[in-house]
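Fold and geometry: a report
Below, each chain spelled out in residue letters.
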Amino acid sequence: MMHRLTQEQLANLLQAQLEGKHTETPISQVEIDSRNLLLPEQSLFVALKGAKFDGHDFIQEVFNKGVRSFLVQEAYTPNTSLLQEAAFLKVKNPLKSLQQIAAYQRSLFKGPLVGITGSNGKTIVKEWLGQVLFQKFSVAKSPKSYNSQVGVPLSIFGIDANHQVAVLEAGISKTKEMATLEAMLKPNLGIFTNIGTAHEEGFESKQQKLEEKAKLFENCQYLICRKEHALIFGYLEKKFPKERLIIWSDGVGTDYTLTVKKEGAQSKILLMRPDLSLFTFLVPFSDEASLENIRHVIVAALTLGLDEKTIQEGLNHLKAVDMRLTLKPGAHQCLIIDDTYNNDLAGLRLALDFMSAQRPKKRKVLIISDLLQVGSIEQVYEEVGLLLAFYQIDYLLAVGRDISCLQNKLSIPMRFFGDTKQLLEGLAEETFDNDLILVTGARKFGFEAVVNRLQQRIHGTTLEINLNALTHNYNFYKSKLDSKTKVMVMVKAFAYGGGADEIANHLQQLKADYLAVAYTDEGLALRAEGIRLPIMVLNPVQESFLHLQQHDLEPVVYSPQFFKELADFCKGQGQSMKIHLDLDTGMHRLGFEEQHIDALLKLIQENPQLEIASLYTHLAAADEPEHEAYTKLQLDTFQSMCGRIMAALNYQPLRHALNSAGIAAYPEYQMDMVRLGIGLYGVEVTGRYDLQLRSISTLKTTISQVKKLKKGDTVGYSRKGLMEEDGQIATIAIGYADGYDRRFSNGKGFVLINGKRAPVIGNVCMDMTMINVSGMEVKEGDEVVIYGPGISLKELAEKIGTIPYELLTNISSRVKRVYYLD
C-alpha cells in the first residue's frame, strides 16, 4: 500500500495534464491489471502498453469496476462519459511515470533497503535474507521474481510504514536498464551475487553486463561480494572506494572468512571476523550454489546488525526448496497450490491471483498460517480479510495465534488451529472433493507436511512444467508477428505431453485466439474443464458430429465426401456449424486438392449452414532450408486456392499456413493466423532461435538404490549391460512404461545427477532403468533429471534417431504433472 496521494498531488509530481472529474479521494493503490482491483475507488490504474496488451484497451472495463483515477498516454482521448466521472492524468510515457511514483514512494522509506543483483541467485538470496531478518525486523521484500522495469516499482509499492527493512532484487536483460532501477531503489546495502550467462544476448560481453549490473550500487553505502568471483571483485575494487566494499571469501584476508565443512546433506560454516572472533553456523544444505547464497545472506545480516545467534535461529527455518507457486494433483480430483515458502501480503496476493486463474472447482479453500513480523496486526489482517473476500475464498483453515482475528472479519466457514500438528489432525475430519486448495505459510509452520497429506499418491517420477517459460515462449512468437495476426495453439496429444487441461487454461489467461486438438474427445475434455476458447478439431469422425455441435467444437473438413456428410447432419439438426477447410498443397496427407476446388465451391454455395471459419494448409518441410523452394511453392499454391474460394464468399475466413518452424523461417507468410505447436514447448526446430526459447518441462525421477559391482558383472535383462571396471550403478524409478524410450538402452541414453551425466547401462526396463554412476557421489533419493536444463530434447532425440515431438508425447499419463510459476 503506497503513501496516499490525491489526484492533484500526483499530477504535480508527474507534471501531468489532469483532465476529467477531480476528487479528493486519496489514492493508496497502483494497479496495472484490470482483473485485480481490490480497492477500486482508491486505485490508480496505469495503462501500460506491452507486447501482448495495451492497458488503454481496458480502461472502460476498469472504470466499470469502480476505478476513477487513470494514468494514460497523452495521445489517449477518453470519451465524454468517462471524462464526466473519472480523472485522467496524461503523460508522455506511463511506464516512466509509474517509475517516478515509485521513486517518490521509495524516498519516504527511511529504513535500510537492500538491493540485490547478479546473474543467478537473486531471488533465493532475497527470500533467505528476508527469512533471517524476520527474526528481528518487519521486512518488505519483492514478491517472487519482481525485478524488472515494471516489477521493481510494484515491489516498492509494497513497502509501508510498518516495515523496518526492505529487500528488493533488480534484474536486467540489456544495457541502459539498471540506471532506471537504481533511480527507484537507491539501495543502502547492495549484494552482487555472481555473473554468468543469463540474458547474454542483450550485451556485447560479460564485462559489459557486469558493468551494467554494477550501476545498481552507484550510491550504496555498502556493497557485498565474494572475492572468488574474480571478474566482479576486480571491477568493484577499481570502481568503488575500499571502505564501501564488504568482501567475503573462503580464505583469509577479507572482511569475513566463511569456510565450509560438508557433513552429508548438511554443512557447517565457520565464520572468522577481522578481529579473529569465530562462530560456527549450521545450514541444511551442501550444494555449492546454496552454500554461496547463504553466505551472502549471513554477511548481509551481520552488516544489518543481527548477531550470530539470531542469524542461526533464522537459518534453522530454511530449506533448500524452490520458492515457486506449484500446482499439484490432489486426492479426490482436487488441485493443490503449493506456496509453502510465502509469508507476506504481497506474496499472498500473488498466490490468490494464481488461484483465481485456475480452472473452476467446487470450492476455493485456503490453508494459511500467521503472517510473521508484519507490524500492525490489526491493519495487516484487515487487508488479509479484504483479499479473501475479493478472491471469493469459500473455506478457511488457519494456523497461529494472530490470524484468529479473522473470525470477526469474514462470513465464510472457518477453522482455527494452534499449530500445524493440530491442523494435520483436523484434516482427517475434512472431506475435500474436486476443490482448489491453496496452502501458504511461514517456514516455521512446516506446511510441506500439509501438502504431502493432501497430494494424490502417484508414481514418484514427475514432469514439471514451468508456466512462466511457456508464457515467455508464447510472447516470443507473438513478437515475431504483426499485432493483428491471431495465434492458434496446438494442445493435441495431451499438449505435447504436458497436460492439456492446465496448459489450455494458462493459454486462455494469455488470451490465445484458438486452440487445436487432434480428436473430438480432447475437445470435450477441455470444455468439461471450463476452457471457452474456440477449438479446432483436426481429425473428427462422423460419430462425433453431435458432440461437436453440442460443445461448440469446430471440425476440420478435408474432403468432398466428409463435407457432404457434415452438411447433411447440420441440415437435419436445423443448426449451423463453423468449419475449417484443409487444403492439400503438397503434404499429401489429408485435404482438398486443387482439382477439388470447383466441387468444393458448389458444396459451399449449397450449404450455407456450414460457416467457413478458416482455410489452412500444412507445410511439409518448413524446418528444412534445402526445401525452401518447395515450401514457397506450397505457400503460393495455398494463396491461389484461398483466392478462388474467398472470391465466392461474402465473408472473409481466416487463412493460416505457418507452424512453429514456419513462423521462424517464413514470417512474411503469416497471413491472418499462425499455428504455434512445438515452439511453445521450448523446441525450436529450425535452429534460428534456440537461445531465445526456454524449455518449459523437466522430467525428473529419483534413485531407488545404489549397488557396487565388480568388473565383468552384468546388468539387466539379457545381461546386456557389462561393467568394464569396478564401479557402481544406480537404479532409477522410470522405464519405458513411463515413456522413457527403450532405445536409450546400453549407453545411448544418459541422465543428469548433481549436474553430472550418467549413462544408461543395460536395457531400459518397463518401470526402472539402471545407470552407471561410477566415480560419482550419489545416494538413494537423489534427484535425477531425464531431460530439462543440461539435457536438451534435441540432443536426446538425435541419440536414438527420432524427433523431440515423439519424446514429449510419449510421457505416460501415470507420470505426475506439476505446474509452477518461478
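Enumeration over the complete set of coordinates arrives at 15 aromatic pairs. On the basis of an interplanar angle of 70° and a centroid distance of 5.1 Å, the ring pair of Phe476 and Tyr689 is categorised as edge-to-face. With Phe476 in helix α16 (residues 467–479) and Tyr689 in the loop between β29 (673–676) and β30 (697–709), this residue pair connects regions lying 213 residues apart in the sequence. The exposure classification of Phe476 matches that of Tyr689, with both residues buried. The rings of Phe45, Phe70, Tyr76 and Phe88 are connected pair by pair, giving a single aromatic cluster. Across from the ring centre of Phe63, 3.8 Å away, lies the NZ or CZ of Arg68, which sits over that ring.

Counting along an α-helix, one turn takes 3.6 residues, and residues three or four places apart therefore face a common direction. Within the sequence span of helix α19 (residues 520–528), burial applies to Thr520, Gly523, Leu524, Leu526 and Arg527. All buried residues of α19 fall inside an arc of 160° around its axis, so they share one side. For α19, exposure combined with an orientation more than 90 degrees from the buried face picks out Asp521 and Ala528. The elements touched by buried residues of α19 are α18 (500–509), β23 (514–517), β24 (535–537), α20 (545–550) and β25 (553–557).

The final tally for this structure, using the stated rule, is 40 salt bridges. In this structure, Glu308 engages Arg273 in a salt bridge whose closest nitrogen and oxygen atoms are separated by 3.0 Å. Separated by 35 residues along the polypeptide, Glu308 in helix α11 (residues 308–315) and Arg273 in the loop between β13 (266–272) and β14 (278–283) bring together distant segments of the chain. Residue classification places Glu308 among the buried positions, given a relative accessible area of 17%. Between Asp738 and Arg814 there is a salt bridge; the shortest N-O distance is 2.5 Å. You can see Asp738 sitting in the loop between β33 (727–732) and β34 (750–753) and its partner Arg814 sitting in the loop between α26 (804–809) and β38 (816–821), a full 76 residues away along the chain.

Conventions we followed
- Residues numbered from 1 in each chain as written.
- Predicted model: local features only at pLDDT ≥ 70, side-chain atom pairs only at ≥ 80, totals over all residues.
- Heavy atoms only, no water.
- Phe/Tyr/Trp six-rings, centres within 6.5 Å; stacked < 30°, edge-to-face > 60°.
- Helix = DSSP H or I, 4+ residues; strand = E, 2+ residues; numbered from the N terminus.
- Buried < 20%, exposed > 50% of the residue type's maximum accessible area, 1.4 Å probe, protein only.
- Lys NZ or Arg CZ within 6 Å of the ring centre and 35° of its normal.
- Arc of directions from axis to C-beta.
- Contact = heavy atoms within 4.5 Å.
- Salt bridge = Lys/Arg side-chain N within 4 Å of Asp/Glu carboxyl O.

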